[in-house]
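# A look at the structure
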Amino acid sequence: PVMTEEFKMAAAQEEKAKRSRQVRVWCDGCYDMMHFGHANSLRQAKLMGNYLVVGVHTDEEIRTHKGPPVMTEEERYKMVRACKWVDEVVEGAPYVTTLETLDKYGCDFCVHGDDITTTADGHDTYQIVKDAGRYRECKRTQGVSTTDLVGRMLLVSRPQHGADAPVLSKDVEALSKGHCATSPWTGVSQFLPTSQRIIQFSEGREPKPGDTIVYMPGTFDLFHVGHVDALEQAKKLGQFLIVGVWPDSVQQRYKGQNYPVMNLHERTLSVLACKYVDEVVIGAPYAVTAALLDHFKVNVVVHGATTTEPDVDGSDPFHVAKERGIFRTIDSGNAMTSDDIVRRIIKHRLEFEERNKKKEAKELELIKRTKYAERERER
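Residues numbered from 1 in each chain as written. Predicted model: local features only at pLDDT ≥ 70, side-chain atom pairs only at ≥ 80, totals over all residues. Heavy atoms only, no water.

Mapped onto the elements of the fold, Asp 87 is located in the loop between helix H4 (73-81) and strand E3 (88-91). On the basis of relative accessibility, which here comes to 36%, the residue Asp 87 falls in the partly exposed class. Remark: the alpha-carbon pair of Asp 87 and Val 25, spanning 62 residues in sequence, is separated by 10.0 Å. Residues within four places of Asp 87 in sequence aside, it is in contact with Lys 46, Asn 50, Tyr 51 and Leu 52. Within the structure, Asp 87 has its side chain in polar contact with the side chain of Lys 46 (distance 3.0 Å). Of note is the side chain of Asp 87, whose polar atom sits 2.7 Å from the backbone nitrogen of Leu 52. (Helix = DSSP H or I, 4+ residues; strand = E, 2+ residues; numbered from the N terminus. Buried < 20%, exposed > 50% of the residue type's maximum accessible area, 1.4 Å probe, protein only. Contact = heavy atoms within 4.5 Å. Polar contact = N/O pair within 3.5 Å; in protein donor to acceptor, adjacent residues only side chain to side chain.)

Structure (structure tokens):
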């Protein structure tokens, strides 16, 4: 669309203000089952200013406008706080973004992805700030959404899917959206990882001389509050935390071919977005080898309170670290696992399927109204 003179002036003023003072950016959302797509939108928003305030809706608001959330509001608040681009979290933010909200938290403008969010009665939740010229857009990350992840988890419980069945399939679409969905936002599309995306998520930090280097390996599937709490505890044992993310084959060996729910690249980005993490080893070996410890100059190796499965040859994957006296077990105080999230989905399967169908219908109705309004303006 052609920029109006008002928008050009606003953009110029915004750029000038950014250079001379703190530019506070507002984002809001459900952040349900917070994934790397959410993190990427927050990363883009932070680049538009230098202080990012994120409002998170309550469970009650989400049920009213969208349907039941998978994660509780307390879990969602914690996940957003753990994102390294977030400076401040506002709990219980209103579902419809208003100028009063932006002014209350001293925010210059609101940023949202290039999809549509609607209220229970089908209205654009950002229309007010759009009309006032205090709205900016960032690109939605293709290939991941909470809707898509719900569909994948519903597949996990279906034993008939064999080793060669792709995670993203027609079955996911049917399970996550119903049979006639055509919205460009709710639709499932495949995530295509690039080196650029990994660079964007990386800090490029290196340990300083004298830093205690901590190494913590794991699958980190469906990155959740249990992972966040464990990584927070691990970081306290040193100054530089390296996380080893195991390849898909490790999870498949112990849990079956339908796992992990998220592939290696998706899990890597989720871990990289966490503020406690300094570096990630992508596709790390299951056994913590002497070569790995020496290469990264690791001082402490950490594992959570969960059971450690033996390696293929029956050996303890942490035996080298234990022999060196650098192995530590941490108790994060949070017993959540990826399986717990899958169980929540299965238990409320029909509710989630209904939620996704309603979301689809609202999006399609809004698209229809928007196109009609555009045609009327062109007359």
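Bringing the packing of H4 against helix H10 (residues 225-235) into the picture now. Packing of H4 against H10 leaves a shortest axis separation of 9 Å and a crossing angle of 45 degrees. In terms of their interaxial angle, H4 and H10 are classed as oblique. In this structure, H4 meets H10 at a crossing whose hand is left-handed. Contacts between H4 and H10 involve Glu 75, Lys 78 and Met 79 from the former and Val 225, Val 228 and Asp 229 from the latter. (Axes fitted to C-alpha atoms, helices over the stretch in contact; angles between N-to-C directions. Parallel < 35°, antiparallel > 145°, perpendicular 65-115°, else oblique. Left-handed = near helix turned anticlockwise from the far one by under 90°.)

All right, on to the pattern of salt bridges then. The tally for this structure, following the rule as stated, stands at 18 salt bridges. Here Arg 76 makes a salt bridge to Asp 59, at a shortest N to O gap of 2.7 Å. With a gap of 17 residues between them, Arg 76 in helix H4 and Asp 59 in helix H3 (residues 59-65) connect regions that are remote in the sequence. Asp 59 matches Arg 76 in its accessibility class, with the two residues each being buried. Each member of the salt-bridge network shares a partner with another, and the members are Lys 84, Glu 203, Arg 205, Lys 235 and Asp 278. (Salt bridge = Lys/Arg side-chain N within 4 Å of Asp/Glu carboxyl O.)

The next thing to look at is the sheet that holds strand E2 (residues 51-56). Judged by pairing direction, the sheet is parallel, and its five strands sit side by side in the order E3-E2-E1-E4-E5 without closing on themselves. Each edge of the open sheet is held by one strand with a lone partner, namely E3 and strand E5 (135-138). Across the sheet, the mean angle from the axis of one strand to that of its neighbour is 30 degrees, orientation sign disregarded. Sheet topology note: the strand E1 (residues 24-29)/strand E4 (residues 109-113) ladder contains two bridges and is parallel. Across the sheet, Val 25 pairs through a bridge with Phe 109, a residue of E4. (Pairing = 2+ DSSP bridges.)

Interpretation in functional terms is not warranted from these geometric data alone.
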